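What follows is each chain in one-letter form.
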Amino acid sequence: MTTQTEYRSQLHHRQKELMVKWYERLNEAAETGEPPTVSMMISGNCVELLEGFSAVPIYPEVNALQLAIRHQSLEPILLAEELGYAADNCAYVKADIGAYLRGITPTGGKLPKPTLVLCNFVGCNTYLKWFEHVAEFTGAPLYTLDVPFMRYDEPTHADIEYVVKQLKELIKRLEDLTGRKFDYDRFKEAVRCSSEVENLWSRIKHLAKHSPSPFDAYFDAITLMGPLYVYRAKPEGVEFFEIALKELQEKVLNERDDGEREQFRVVIEGPPPYPHFRTFRDMFAKWNATAVASTYSTVGGLWEFGARHDPSTPFESVARHMLEHNVTNRNYLQRYDQIKKYVEDWNADGVIIHFVKSCRLFSAGQGDMRDYFTKTLGIPTLYIESDLEDPRYFSEAQLKNRIDAYFEALEHQKLSHRGIEERRN
Amino acid sequence: MEKLTERQNSNESSLSSSVPSVVSPSCEDVIPDLNFTTVRKWKDQHPGAKAIGYFPVYAPLEIIHACGMLPVGLNGAGDQLDIQYADARFGSFICSIVKTTLEMGMTKHLTPFDGLLFSTICDSARNLAFVFKRNFPEQYVDFLHLPHNPSSEASVDFLMSEYARLQENLEQLGGTKLTDAALNESIELYNENRRLTRRLYDERDGNPQLMRTSELYALIRAGNFLPVEEHTKLLKQAVDELPTRAGKQRDSIRVVIEGSFCEQPPVDLIKIMEEAGCYIVDDDFVLGPRWFTKDVSVNGNPMRALADAYSNASVYSSMPHDWRNPRHKQLIEKARRRKADAVILLIAKFCEPAYFDYVLFKQELEKEGIPHLLMEFEEKMFTFERLRTEIETFVESLLFD
């Protein structure tokens, strides 16, 4: 029985190179004051606009998760708790603030004081607080770009107009702060790059419809997400996702379905426990279970259902991206629909709901979600709890028991279905 | 310092419990009434009229009122309801009010309401709105996005469109059209109500020995359940009654309470704080109905006036985000204005916005040398011994310093 899933290829090397290059740029900014940098939230970001200033994004979430995955998150979390953060505050925030105050960075390089702290609030209330705190502790200016939450299935005309007006205010603000003039053509080109990357990423997501899937749309998707956030609006991003698509397409062609490598196909909801990433992944690998889709991989953008940036209406399309094309600004029932579509169209056996203590945006109400999937739709659903950043909230034995019990039941169900089929034939 | 002296018993009469009213029993009785008797009575008296329950905090009561409806502030269920269903829906690490509100829905306590209104207060409450939508598909459930960027000129226009959307939905629900005249009239009524509330707050600040916060709290919180016209009468009677009161000063510290803008602490906890020697000279209890620092204009477009008041004249709390005047600065201003000896940060368990704000509040209070105490509560708690000890120790440390 397989206990670990592992593959290293060109895309992994390229991913590493790109991320290292990004941190080098940030280090350069810290040392020389150039290029300008903007702190942003991953979900619903407007990185295309930054291209118009040749500015580089800082993503506090990426810093936080890098610390967690390298087992370095506890020290900054404890420091933040000494400052007054509560045990029940989002641990991403605590790790980020604690690391800033202690001068810890994921690579050991320097992180700059941001030119602007841009709170592109999309559904995450915690972000409003987090970025106020970043502004307070770093002394950098703050602009809160308020993105109306998706009360309905579609954004209203007023929603789009409101976001576009703020994007234009933001340009003015960045012009004042950087002394640079906004380069509209470069912005438009960035929007075009994004639409290409989105197209490639969407095609990659759809490859998971194959059985066996050439990649895990939860655990492996995370490798692809770094470049997605940092390089979406750049030619390097297009190039990276071309490599990724090609490699995964080849995998589909070259791999025969022996029925062994992929015994179960699941959809995973919620962020992963980064401090115990490998241990958690192996709990699924043990059962040859593959995530064929995940909501977490749509934090940066939800494109597998056709939405794209559009260079012919760059401002409006950035606004639409912020409003409706990322999972965190979409309402809870839209998320139910998203998962339901994954189960149906990606042909999944069940749903795994991973409740993370830190993130109420993801987790508040997941009991109702479980009720919907098990009782209303009759889909085998597992509900487990831990945290995305705080290593203290991870009960390995309990998680393992629950995951084992879930797959045992699924296996039993599959075997008895097969038995019935065979008797019928 | 002198020993603590007890308040004269002759002056213990409640501010409002003796006041007769068409619909209201005493204010303290209204608060825990999960049958919403006052709402049911109002509906009996106004056949066909609708009642809208709103989750804290900032709801545009004037718009609901001007549509001929009764806005009712939902404040959880206190310790009146055992949670049977909501825990399974909302799991661990979620505050009480989110769970008790859902529990009230699932146990049919919210049947007097024809609609439920939520807004952008926090992630849990927002998800709650959509869980309500799924579990009560027949119910009108609406969600308002209240803007977080008041520094943008576009935010007032956006909020107007949001209010207009609510208006349209309410008109459809109630079958009557809202007019500017009716809205201006409603704004006047709420302005008067808020003016009286501010007056009572100022009176308490000036003479805390004349008015207990537990009384004032019950009086203000009853406003969540009563028609504004009725509630304003009660406030007026309370203001009129004040000069007839006499009370002896006692050795107490002057305290500002911060952090209870959404889930409400049990009344008994407020009483304990007072017994322990706190003159509460300002607080953010039941923030909702008194959310503006000044009158909303009635000259001009009333929707614009309401939207502008939210963006530019809101009483600060953990919910609106206005970096032009950060709330940790405003807390210090408030404490100075009220000549407070200390600030008590009274936070509902699992209230993430309040937890976050605590960090900057604490930092700023320490910078300014203002003593502070953090206390956590849950609306459903009914034993207070640990908190009593904490508060007594804190008060004594300041009184006998």
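Only a predicted model underlies this, so the values are computations on that prediction, with no experimental measurement involved.

1. What to know about the overall build of chain B
Point 1. When its secondary structure is counted, chain B shows 15 helices and 8 strands.
Point 2. Computed over the C-alpha atoms, the radius of gyration of chain B is 21 Å, within 12% of the 21 Å expected from 2.2 N^0.38 for a compact globule of 401 residues.
Point 3. Once the C-alpha set of chain B is aligned to its principal axes, its extents read approximately 65 × 45 × 45 Å.
Point 4. The buried share of chain B, taken over its 401 residues, is 53%.
Point 5. Residue pairs in contact within chain B that sit at least 24 positions apart in sequence constitute 77% of those at least 6 positions apart.

2. Side note on the overall build of chain A
Point 1. Within chain A, the secondary structure is distributed over 16 helices and 8 strands.
Point 2. A globule of 425 residues ought to have a C-alpha radius of gyration of about 22 Å, and chain A, at 21 Å, matches this closely.
Point 3. The dimensions of chain A, computed from C-alpha atoms along their principal axes, are 75 × 50 × 40 Å.
Point 4. Partitioning the intrachain contacts of chain A with sequence separation of at least 6 by distance along the chain shows that 79% fall at a separation of at least 24.

3. Topic: the packing of helix α1 (residues 10–32) of chain A against helix α10 (residues 235–254) of chain A
Residues and elements named next belong to chain A.
Point 1. One can describe the packing of α1 onto α10 by two numbers: an axis separation of 9 Å at closest approach and a directional angle of 160°. One finds that α1 runs roughly antiparallel with respect to α10. Once α1 is placed against α10, the crossing between them reads as left-handed. Contacts between α1 and α10 pair Q10, L11, R14 and L18 from the former with E236, F240, I243, A244 and E247 from the latter.
Point 2. A per-class count over the contact of α1 with α10 returns 5 nonpolar, 1 polar and 3 charged.

4. Notes on the nonpolar core
Point 1. Formed by 258 residues in total, the largest nonpolar core has its most connected members in A:V117, A:C119, A:F131, A:V266, A:V267, A:A291 and B:V255.
Point 2. Beyond its immediate chain neighbours, meaning those up to four positions away, A:A291 contacts A:D216, A:A217, A:Y218, A:F219, A:V266, A:V267 and A:I268.

5. A word on the interface of chain A and chain B
Point 1. Each partner contributes residues to the interface: chain A has 42 residues there, and chain B has 39 residues.
Point 2. Secondary structure elements with two or more residues in the side of chain A that touches chain B: α6 (125–138), β4 (142–144), α7 (157–178), α13 (332–345), α14 (360–363) and α15 (366–376) of chain A.
Point 3. By residue number, the principal contributor to the side of chain A that touches chain B is α6(A), which donates 7 residues.
Point 4. When its residues are assigned to classes, the side of chain A that touches chain B shows 18 nonpolar, 11 polar and 13 charged.

6. Side note on the sheet that holds strand β5 (residues 264–269) of chain A
Residue and element names in this part refer to chain A.
Point 1. The sheet built from 4 strands is open, its strands ordered β6-β5-β7-β8 with parallel pairing. The two strands at the open ends of the sheet, each matched to only one other strand, are β6 (289–294) and β8 (381–386). Direction aside, neighbouring strands of the sheet carry axes that sit 30° apart on average.
Point 2. Both β5 and strand β7 (residues 350–356) contribute to a ladder of 4 bridges, which runs parallel. Following the sheet pairing, V267 is matched in β7 by V351.
Point 3. The strands touched by α13 are β5, β6 and β7; relative to β5, the strand with the most contacts, the crossing angle is about 170°.

7. Remarks on the sheet that holds strand β8 (residues 372–377) of chain B
All names here are of chain B.
Point 1. The 4 strands are arranged β6-β5-β7-β8 in an open sheet whose pairing can be described as parallel. Looking at which strands have only one partner, the edges of the open sheet turn out to be β6 (278–282) and β8. Pairwise comparison of adjacent strand axes, ignoring direction, gives a mean angle of 35° for this sheet.
Point 2. Bridging between strand β5 (residues 253–258) and β6 involves 4 bridges; their strand directions are parallel.

8. Observations concerning the pairing of strand β4 (residues 140–144) of chain B
All names here are of chain B.
Point 1. Both strand β3 (residues 115–119) and β4 contribute to a ladder of 5 bridges, which runs parallel. The partner of L116 across the bridge, within β4, is V141.
Point 2. The handedness of the β3 to β4 crossover, carried by helix α6 (residues 123–135), is right-handed.

9. Some details on helix α13 (residues 327–337) of chain B
Every α-helical turn comprises 3.6 residues, leaving residues that sit three or four positions apart pointing alike.
Residues and elements named next belong to chain B.
Point 1. For α13, the full list of buried residues reads R327, H328, L331 and A335. Viewed end-on, α13 has its buried residues packed into an arc of 105°, placing them on one side of the element. Exposed residues pointing more than 90 degrees away from the buried face of α13 are listed as K329, E333, R336 and R337.
Point 2. Looking at the buried residues of α13, the elements they touch are β5, β7 (342–348) and α14 (352–368).
Point 3. K339 sits one or two positions beyond α13 and adopts a positive phi of about 50°.

10. As for the confidence of the model for chain A
Point 1. In the predicted model, chain A carries a mean pLDDT of 95, and 98% of its residues have values of at least 70.
Point 2. Here residues 1–6 of chain A is modelled with pLDDT under 50, and outside its nearest four sequence neighbours on either side it reaches 11 contacts, counting other chains as well.

11. Points about the environment of A:H71
Point 1. When you line up the elements, A:H71 lands in the loop between α3 (60–69) and α4 (74–83).
Point 2. A:H71 sits 204 residues away from A:P275 along the chain, and the two C-alpha atoms are 5.8 Å apart.

12. Comments concerning helix α7 (residues 154–174) of chain B
Point 1. A rise of 1.5 Å per residue sets the reference length of α7(B), with its 21 residues, at 30 Å; its end C-alpha atoms lie 30 Å apart and thus fit the reference within 8%.
Point 2. When we look at burial in α7(B), the residues that qualify are B:S155, B:V156, B:F158, B:L159, B:E162, B:Y163, B:L166 and B:L170. Looking down the long axis of α7(B), one finds its buried residues gathered within 160° of arc, a one-sided arrangement. Turned more than 90 degrees away from the buried face of α7(B) sit B:E168 and B:Q172, all of them exposed.
Point 3. On its buried side, α7(B) packs onto α7 of chain A together with α3 (61–66), β4 and α12 (302–313) of chain B.
Point 4. Downstream of α7(B) by one or two residues, B:G175 has phi in the positive range, about 75°.

13. Some remarks on the pairing of β5(B)
For a regular strand, side chains alternate in direction, first toward one face of the sheet and then toward the other.
Residues and elements named next belong to chain B.
Point 1. For β5, a buried count of 5 out of 6 residues is recorded, marking the element as mostly surrounded by other parts of the structure.
Point 2. Following the chain from β5 across helix α11 (residues 267–275) to the adjacent parallel β6, one finds a crossover that is right-handed.
Point 3. Pairing analysis gives 4 bridges linking β5 to β7, with the strands arranged parallel. Bridged to I257 within β7 is I344.

14. What about the environment of B:A49?
Residue and element names in this part refer to chain B.
Point 1. Examined against the element boundaries, A49 turns out to sit in the loop between α2 (37–45) and β1 (51–54).
Point 2. The class of A49 is partly exposed, set by 16 C-beta atoms lying within 10 Å.
Point 3. Once you skip the residues sitting within four places of it in the chain, A49 turns out to touch K43, G68, M69 and L70.

15. Details of unusual backbone geometry
Point 1. Across the junction of A:E34 and A:P35, the peptide omega takes the value -5°, indicating a cis bond.
Point 2. By the element assignment, A:P35 lies in the loop between α1 and β1 (37–39).
Point 3. A cis amide bond links A:S211 with the next residue in sequence, A:P212, at an omega value of 0°.
Point 4. Mapped onto the elements, A:P212 comes out in the loop between α8 (184–207) and α9 (221–231).
Point 5. Unusually for a residue other than glycine, B:F93 sits at a positive phi of about 65°.
Point 6. Residue position: B:F93 is located in the loop between α4 (86–90) and α5 (96–106).

Parameters at a glance
Residues numbered from 1 in each chain as written. Chains lettered and ligands numbered in written order. Predicted model: local features only at pLDDT ≥ 70, side-chain atom pairs only at ≥ 80, totals over all residues. Helix = DSSP H or I, 4+ residues; strand = E, 2+ residues; numbered from the N terminus. Rg over C-alpha atoms; globule rule 2.2 N^0.38 Å. Buried ≥ 20, exposed ≤ 12 C-beta atoms within 10 Å, placed from the backbone. Contact = placed C-beta atoms within 7 Å. Axes fitted to C-alpha atoms, helices over the stretch in contact; angles between N-to-C directions. Parallel < 35°, antiparallel > 145°, perpendicular 65-115°, else oblique. Left-handed = near helix turned anticlockwise from the far one by under 90°. Nonpolar A, V, L, I, M, F, W, Y, C, P; charged D, E, K, R; others polar. Core = buried A, V, L, I, M, F, W, Y, C linked by C-beta atoms within 7 Å. Pairing = 2+ DSSP bridges. Right-handed = clockwise from strand over helix to strand, strands pointing away. Arc of directions from axis to C-beta. pLDDT = per-residue confidence, 0-100. Expected span 1.5 Å × (residues − 1).

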